[in-house]
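Residue-level structural notes
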Amino acid sequence: MAQLQKNQVHTVTVTGYTAEGLGVARAEGQVVFIHGGVRGEVCAVRILKVLKNVAYGRVEEILTRSPARREPDCPHYPACGGCDFRHISYEEELEAKRQRVEDALRRIGGAEIPVEEILGSQAVDGYRNKCQFPVSPEGRAGFYRARSHDVVPAADCRLQAEQANAVAQAVEAYLREEGVPAYDERTRRGLLRHIYVRTSREGRALVCLVVNGEALPREAVLVERIRAACPETAGVVLNTNDRDTNVVLGERYRTLWGEDTLTDTLCGLRFRLSVPSFYQVNRAQAERLYGKAREFAGLTGRETVLDLYCGAGTITLVMARQAGQAVGAEIVAAAVENAEENARLNGVENVRFLLGDAGEAAARLAAEALRPQVVVVDPPRKGLGEEVIAAIAAMGPERVVYVSCDPGTLGRDLRRFAEAGYRAARAAAVDLFPRTRHVETAALLLRETT
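Calculation notes
Residues numbered from 1 in each chain as written. Predicted model: local features only at pLDDT ≥ 70, side-chain atom pairs only at ≥ 80, totals over all residues. Heavy atoms only, no water. Helix = DSSP H or I, 4+ residues; strand = E, 2+ residues; numbered from the N terminus. Rg over C-alpha atoms; globule rule 2.2 N^0.38 Å. Buried < 20%, exposed > 50% of the residue type's maximum accessible area, 1.4 Å probe, protein only. Contact = heavy atoms within 4.5 Å. Pairing = 2+ DSSP bridges. Salt bridge = Lys/Arg side-chain N within 4 Å of Asp/Glu carboxyl O. Core = buried A, V, L, I, M, F, W, Y, C linked by side-chain atoms within 4.5 Å. Axes fitted to C-alpha atoms, helices over the stretch in contact; angles between N-to-C directions. Right-handed = clockwise from strand over helix to strand, strands pointing away. 1 Å grid on protein atoms, 1.4 Å probe; cavity = no way out; pocket = protein on both sides within 12 Å on 5 of 7 lines; lining within 4 Å. Points joined across faces, edges and corners; volume = space filled by probe spheres on them. Nonpolar A, V, L, I, M, F, W, Y, C, P; charged D, E, K, R; others polar. Expected span 1.5 Å × (residues − 1). Arc of directions from axis to C-beta. Polar contact = N/O pair within 3.5 Å; in protein donor to acceptor, adjacent residues only side chain to side chain. Phe/Tyr/Trp six-rings, centres within 6.5 Å; stacked < 30°, edge-to-face > 60°.

Comments concerning the overall build of the protein chain
Scanning the protein chain from terminus to terminus reveals nine helices and 23 strands. Taking 2.2 N^0.38 as the reference for a compact globule, 450 residues should give roughly 22 Å; the C-alpha atoms of the protein chain span a radius of gyration of 23 Å, in line with that estimate. Its C-alpha atoms give the protein chain principal-axis dimensions of roughly 65 × 65 × 35 Å. Looking at the protein chain residue by residue over its 450 residues, the buried ones come to 55%. Restricting the contact set of the protein chain to residue pairs at least 6 apart, pairs at least 24 apart contribute 63%.

This is the structure in structure tokens:
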């Protein structure tokens, strides 16, 4: 088998997609990942890079065009790295995501179950209720180019709410006209690092400016500019992050004007959110995801539900309405405070929240001899630690509902749960992130009985 060489052009047929949204084909018997490839197309592909087990290429000419191919509708695509699928139809994107989840369940997780459905989003643009614009050293708001920290200016992003784009443009103007330096990662000098905007269902906006320092020049002028550009602004907060880190937010906050929280509604409940609180970015699709999780939980009104990684208490409170009692656990103190306030705000009394990581919370509840019938997990992208799975299994719940933002780590954890006596019974995908590679999954695991 001949080794592929850089700059060679090969005719290939694209047969599928990678987890990153690249087309997959074979040339000379070797796997090639293709930027801009569309399933079913025959293309002339130029080889860009050759590694030991895979090569990368780009489409030079489309010889047989797929009806799913679309002309990208954003001038920043694909340079900015925020979107992965603007070159295909939304229907094709959904099928690619459904197949990705099913492949992960079977190949990584060893779970021979189908993905029952993928719930697509009615809105594929403007759906994000939270935006974090990194700011370039030149003072431009945008997003990181793929696999880099080079900021591609994009303060008119199609995925963001109008309020977020308006705020970003106003802050850019402030930096330029007031001569305020933006942060430079290479020198660790400059001030403004990120522009953070969270919006509510009613259109209100909470703005947070992440700064390499304790203050910005002429803060009153900045607030005035933001409020003029976005009259729906509810509050402007300054966050200090003077560490050499990729983590966006620091630990210190100061309110420049207005409120430091934002109230939103989800699943008929009201949630008060601080800047660091976790909250799903696509409100409408989050309601469908949580509805699917509640369906999988099979609640009758008598069960005890434990919700690990509870954030501001969204899933906990959704489950509490159909459970005997619900317990949420979260490691972020501000989020626990939000969760407790949200319970009071909604008059939900059959719920309590614990501060601590998932493993600690599970161990504390086990020490109380609390035996939940249902455990819900919604972990970060890295999935669950083995000690968390062991702690859950030790409590012996009848059902585990796993909400996942990464099919790969979900598959890995399903295999670990199987070793602990829990089998995957159902799975459904929900698209919270149209035009990007990301997809959420709800999976139901049942305890094996002997």
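Here's the deal with the sheet that holds strand E1 (residues 9–13)
If you walk across this open sheet you meet the six strands as E1-E5-E6-E4-E3-E2, and the pairing is mixed. Among the strands making up the open sheet, the edge pair consists of E1 and strand E2 (16–17). Where E2 and strand E3 (residues 23–27) come together, two bridges link them in antiparallel fashion. Note on E3: the bridge partner recorded for Tyr17 is Gly23.

Focus on the pattern of salt bridges
This model, assessed by the stated rule, comprises 38 salt bridges. Among the salt bridges present, the one from Glu295 reaches Arg426, with a minimum N-O distance of 2.9 Å. A residue pair is termed long-range when its members are at least 10 positions apart, and Glu295 in helix H4 (residues 283–297) and Arg426 in strand E22 (residues 422–430) qualify at 131 residues. On the basis of relative accessibility, which here comes to 39%, the residue Glu295 falls in the partly exposed class. It is possible to trace a salt-bridge network through shared partners that takes in Glu95, Arg98, Glu102, Arg106 and Glu112.

Some words on the nonpolar core
Grouped together as the largest cluster of nonpolar side chains are 80 residues, with contacts concentrated most on Val171, Ile195, Leu209 and Leu216. Those residues in contact with Leu209 that lie beyond four places of it in its chain are Val171, Leu192, His194, Ile195, Leu216, Leu222, Ile226, Val236, Val237, Leu238 and Asn239. Of all hydrophobic cores here, the second largest spans 38 residues; its members include Leu308, Leu354, Leu370 and Leu445.

Some details on the sheet that holds strand E21 (residues 399–404)
Taken together, eight strands build an open sheet; the order of strands is E7-E22-E23-E21-E20-E17-E18-E19 and the sheet is mixed. The open sheet terminates on both sides in strands that have one partner only, identified here as strand E7 (118–119) and strand E19 (351–355). Bridge count for E22 against strand E23 (residues 440–447) is eight bridges, and the pairing is antiparallel. If you follow Ala428 over to E23, its bridge partner there is Ala442. Helix H8 (residues 386–395) contacts strand E17 (304–308), strand E20 (374–377), E21 and E22 of the sheet and is inclined by roughly 175° relative to E17.

Brief notes about the pairing of strand E13 (residues 233–240)
Extensive coverage of E13 is indicated by the burial of eight of its eight residues. Pairing between strand E12 (residues 205–211) and E13: seven bridges, direction parallel. Within E13, the position partnered with Leu206 by the bridge is Gly235. The handedness of the E12 to E13 crossover, carried by helix H3 (residues 219–229), is right-handed.

A look at the layout of surface pockets
Taken as a whole, the second largest pocket holds about 690 Å³ of empty space. For the second largest pocket, the lining is made up of 26 residues, of which Leu22, His35, Pro78, Ala146 and Arg147 are closest to its centre. The leading source of residues in the lining of the second largest pocket is strand E4 (residues 30–35), at three residues. Here the residues of the lining of the second largest pocket are counted per class, giving eleven nonpolar, six polar and nine charged.

Some points on the environment of Leu414
Within the secondary structure, Leu414 sits in helix H9 (residues 407–419). Judged by its relative accessible area of 3%, Leu414 is buried. Put simply, Leu414 and Glu295 are 119 residues apart on the chain and 19 Å apart in space, counted from C-alpha to C-alpha. When residues no more than four places from it in sequence are discounted, the contact partners of Leu414 are Leu105, Gly109, Ala111, Ala424 and Leu445.

Topic: H4
Relative to the 21 Å expected for 15 residues at 1.5 Å per residue, H4 spans 21 Å between its end C-alpha atoms, a close match to the ideal helical length. Here H4 has its buried residues at Arg283, Gln285, Ala286, Leu289, Tyr290, Lys292, Ala293, Phe296 and Ala297. Among the residues trailing H4, Gly298 stands out with phi positive, at a value near 60°.

Structural notes on H3
Given 3.6 residues to a turn, an α-helix orients residues that are three or four positions apart in the same direction. If you check which residues of H3 are buried, you get Glu219, Leu222, Val223 and Ile226. Along the axis of H3, the buried positions cluster into a sector of 100°, meaning they face one direction only. Exposed residues pointing more than 90 degrees away from the buried face of H3 are listed as Ala220, Glu224 and Ala228. Where H3 is buried, its residues meet helix H2 (162–178), E12, E13 and strand E14 (252–258).

Details of the environment of Glu92
Note on placement: Glu92 falls in helix H1 (residues 90–108). Taking the C-alpha atoms as reference points, Glu92 and Arg69, separated by 23 residues in sequence, lie 8.8 Å from one another. Apart from the residues within four sequence positions on either side, Glu92 is in contact with Tyr17, Arg39 and Ala68.

So, the side chain of Ser66
Note that Ser66 resides in the loop between strand E6 (55–64) and H1. A distance of 3.0 Å separates the side chain of Ser66 from the backbone nitrogen of Ala68, its partner in a polar contact. For Ser66, the residues in contact, after removing those within four places along its chain, are Val38, Arg39 and Glu41.

Here's the deal with the packing of aromatic side chains
If you walk through the whole model with that rule in mind, you get five aromatic pairs. Note on Phe33 and Tyr56: the rings are 5.7 Å apart at their centroids and 80° apart in plane angle, and the pair reads as edge-to-face. On the criterion of sequence distance, the pair formed by Phe33 in strand E4 and Tyr56 in strand E6 is long-range, its members being 23 residues apart. Look at Tyr56 and you get partly exposed, because its relative accessible area is 24%.

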